[in-house]
Amino acid sequence: MHTVMKQKGQRSERARARIEFCRKKGGGFRRKKNCEFLGSADISSRDESGYTLNSRALLRSKHARYHGDPDFSGEDGDLLPSAPPLEILDTVVGYEDLSFDAVCVPPPEPCIGDFGMLDPEQQMLGTWAPYPEYSLRTIIPHSCQVSEAAARSALTAYVKNHCCWGVGAARNMSVTSIRQNCAYHYILQTFTEKREARWAWAPHVGGDADGPDQGAAPSPWDLPASPSKPFHSEVKVIEVPHTASVKPCHRCRGTGTMACPSCHGKGFTRCLACQGEGWGLGSESRERCIVCGSSSHGHGRQDCNRCGAKGRVACPVCDSYGQLKCFIQLTVSWKVNVGEYITGGDEVPHDLLRQADGQIGIEETGIRVAPLPSDIVSDETLAMASAQLISEHFQVSSNALLLAQRHQVRVVPITTLHYRWKNHDGTYFVYGLDKKVHAPDYPQTCCCGCIIL
């Protein structure tokens, strides 16, 4: 095969065609990407980065034009602020120091609500509601006690739900002793309301804005707001009346559109198939590139799909309306703070007792509940834990309005069974009204010789 060697200084046919194309366009031939910025700069005056002062100014101007410097109106704006300037917002009496960050507004004194959101039967401040058949000072009712046959049946069902556990031990073990006990699960719920205010904005689709000229804006705690139901966490967002104003969009400067971030407002991108040459790569017949051959911006340029070759896209901030409605937004949060304490329960883990069904021994609901009296509960630590949790909830809800409190004592029955099977002595527990089983030392945890990880 005969190979023609190119002499030194001789350009290829493709390079000559590219130079001729650039000359016809009037832009000159660019050997490097940054050559178009350098121009006739003063080479003697350079800064520490190596660029001349004049070339650095040109570089900065083109970068700002493509990336959203405020001096270049209508271009794409990654550097534009994400919120309108506070200086253009109207002054609202009572909200002078407000910004776009949420600020917690302390409730007025006293920080206690009323009974209006509670049912009449729940409004029993300082009144206990013990269940007739249950007393925390007496033994477990007979209806909650578990017999040996019921405990063995519960253990057998529990073993069958575990793969590779043998049921022989549950059927043939001999129970040596049974002991009835109970665990006390104390639950304290504090229902609070918290209000936060901040400036917000939304696209202005038309109509008049409810501004300060319509009247004085109410204070955050004067706006009516109530939860859908008590002791239920939820959040509501309210626009404060008489605080709205219409301002030009800070992102697109009121035009409704902005430069396409994909093509930087040009409407086209460089064709990756032909590397911007306009010719098919490796084609001896000099065929045009099939990817950019139908482009409306010429060969070597591919129409931008994001903007439809227009170079402009809708402003995402104002939704192409060009105007924003700025207003003060009030966020009302209702939260249920829960504290709990478990005592008793022998060796049953507390996580299991929380999920077990129990019977409510005593319950109280009111604006503020008092700690459990020691003459009602048999465990002194339960009364101490009640006083400590109530004190902690008052400290946590210092910036919120305390609407109501509710506490209760759940009694979870526990049956402890000691057994012997072959040479193994063990213990298992049947707990809860739903008769769940906890068998930490069951002897037949693997009946097929496999290793359970």
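Computed from a predicted model, the values in this text were never measured in an experiment. (Residues numbered from 1 in each chain as written. Predicted model: local features only at pLDDT ≥ 70, side-chain atom pairs only at ≥ 80, totals over all residues. Heavy atoms only, no water.)

Participant: Please explain the side chain of Gln-189 as it appears in this structure.
Facilitator: Looking at the element boundaries, Gln-189 is found in strand β2 (residues 174-203). You can call Gln-189 buried: its relative accessible area is 19%. With near-sequence residues (within four places) excluded, Gln-189 lies in contact with Phe-231, Val-336, Asn-337, Val-338, Ala-404, Gln-405 and Arg-406. (Helix = DSSP H or I, 4+ residues; strand = E, 2+ residues; numbered from the N terminus. Buried < 20%, exposed > 50% of the residue type's maximum accessible area, 1.4 Å probe, protein only. Contact = heavy atoms within 4.5 Å.)

Participant: Quick question: what am I supposed to make of the environment of Val-103 here?
Facilitator: Along the polypeptide, Val-103 turns up in strand β1 (residues 103-105). Residue Val-103 is classed as partly exposed on the basis of its relative accessible area of 38%. Sequence spacing of Val-103 and Trp-199 is 96 residues, and the spatial spacing of their C-alpha atoms is 9.9 Å. In this structure, Val-103 is in contact with Leu-98, Arg-195, Glu-196 and Ala-197, ignoring residues within four places of it in sequence.

Participant: Would you explain the packing of aromatic side chains in this entry?
Facilitator: Geometrically, a pair of aromatic rings is defined through the distance of the ring centres and the angle of the planes. In this structure the tally under the stated criterion is five aromatic pairs. When the ring of Phe-100 is compared with that of Trp-201, the centres are 5.5 Å apart and the planes differ by 85 degrees; the resulting orientation is edge-to-face. Of this pair, Phe-100 sits in the loop between α3 (53-67) and β1 while Trp-201 sits in strand β2, placing them 101 residues apart in sequence. Given the relative accessible area of 28%, Trp-201 is considered partly exposed. Considering the side-chain rings of Tyr-419 and Tyr-428, the 5.9 Å spacing of their centres and the 55 degrees angle between planes classify their relative orientation as tilted. Judged by relative accessible area, Tyr-428 falls into the buried class, the value being 1%. The rings of Tyr-158, Trp-165 and Tyr-442 are connected pair by pair, giving a single aromatic cluster. Against the face of Phe-268 rests Lys-266, its NZ or CZ located 5.4 Å from the ring centre. (Phe/Tyr/Trp six-rings, centres within 6.5 Å; stacked < 30°, edge-to-face > 60°. Lys NZ or Arg CZ within 6 Å of the ring centre and 35° of its normal.)

Participant: How should the pattern of salt bridges be read in this particular structure?
Facilitator: Any two side chains of opposite charge can pair if their charged atoms end up close together. Applying the stated criterion across every chain yields a total of nine salt bridges. Across the salt bridge formed by Lys-325 and Glu-239, the nearest N and O atoms sit 3.4 Å from each other. Taken together, the residues Lys-325 in strand β9 (residues 323-344) and Glu-239 in strand β3 (residues 234-239) connect sequence positions 86 residues apart. Connected through shared salt-bridge partners, Glu-340, Asp-351 and Arg-354 make up one network. (Salt bridge = Lys/Arg side-chain N within 4 Å of Asp/Glu carboxyl O.)

Participant: Looking at this structure, how should I read helix α7 (residues 380-396)?
Facilitator: Residues three or four positions apart in an α-helix share a direction because the helix packs 3.6 residues into each turn. For α7, with 17 residues, the first-to-last C-alpha span of 25 Å sits near the 24 Å given by 1.5 Å per residue. Along α7, the residues that are buried comprise Leu-382, Ala-383, Ala-385, Ser-386, Leu-389, Ile-390 and His-393. All buried residues of α7 project into a common sector of 160 degrees when viewed along the axis, lining one side. The exposed set on the far side of α7, more than 90 degrees from its buried face, consists of Glu-380, Met-384 and Gln-395. (Expected span 1.5 Å × (residues − 1). Arc of directions from axis to C-beta.)

Participant: What is the right way to look at the nonpolar core in this model?
Facilitator: One broad trend across soluble globular proteins is that nonpolar side chains are buried collectively. Counting 24 residues, the largest nonpolar core has Tyr-95, Trp-199, Val-240 and Ile-328 as its most contacted members. Considering each element in turn, this core owes the most residues, six residues, to β9. Setting aside residues up to four positions removed in sequence, Tyr-95 forms contacts with Ala-217, Pro-218, Ser-219, Pro-220, Val-240 and Ile-328. Counting residues in each nonpolar core, the second largest holds 17 residues, with Ala-151, Met-173, Leu-417 and Trp-421 among its members. (Core = buried A, V, L, I, M, F, W, Y, C linked by side-chain atoms within 4.5 Å.)

Participant: What am I meant to see in the side chain of Gln-329 here?
Facilitator: By the element assignment, Gln-329 lies in strand β9. In this view, Gln-329 contacts Glu-196, Ala-197, Arg-198, Ala-200, Val-237 and Ile-238; residues no more than four positions away in its chain are not counted.

Participant: What exactly am I supposed to notice about the pairing of strand β4 (residues 245-248) here?
Facilitator: Along any regular strand the residues' side chains alternate between the sheet's two faces. Burial along β4 is one-sided: the residues Ser-245 and Lys-247 are buried and none of Val-246 and Pro-248 is. Pairing analysis gives four bridges linking β4 to β9, with the strands arranged antiparallel. Its bridge partner lying in β9, Ser-245 is registered against Cys-326. (Pairing = 2+ DSSP bridges.)

Participant: Would you explain the pairing of strand β11 (residues 401-421) in this entry?
Facilitator: The element β11 is largely enclosed, with a buried count of 18 among its 21 residues. The sheet contact formed by β2 and β11 spans 19 bridges and is antiparallel. Bridge pairing in β11 places Arg-179 opposite Thr-416. In the sheet, strand β10 (residues 359-366) pairs with β11 via seven bridges, with the strands oriented antiparallel. Bridge pairing in β11 places Ile-362 opposite Val-409. For β11 and strand β12 (residues 424-431), the ladder comprises eight bridges, and the chain directions are antiparallel. Within β12, the position partnered with Leu-417 by the bridge is Tyr-428. The antiparallel pairing of β11 with β12 creates a hairpin that spans two residues between the two strands, and Lys-422 there sits at a positive phi of about 55 degrees.

None of the figures reported here should be taken as evidence of function without further support.
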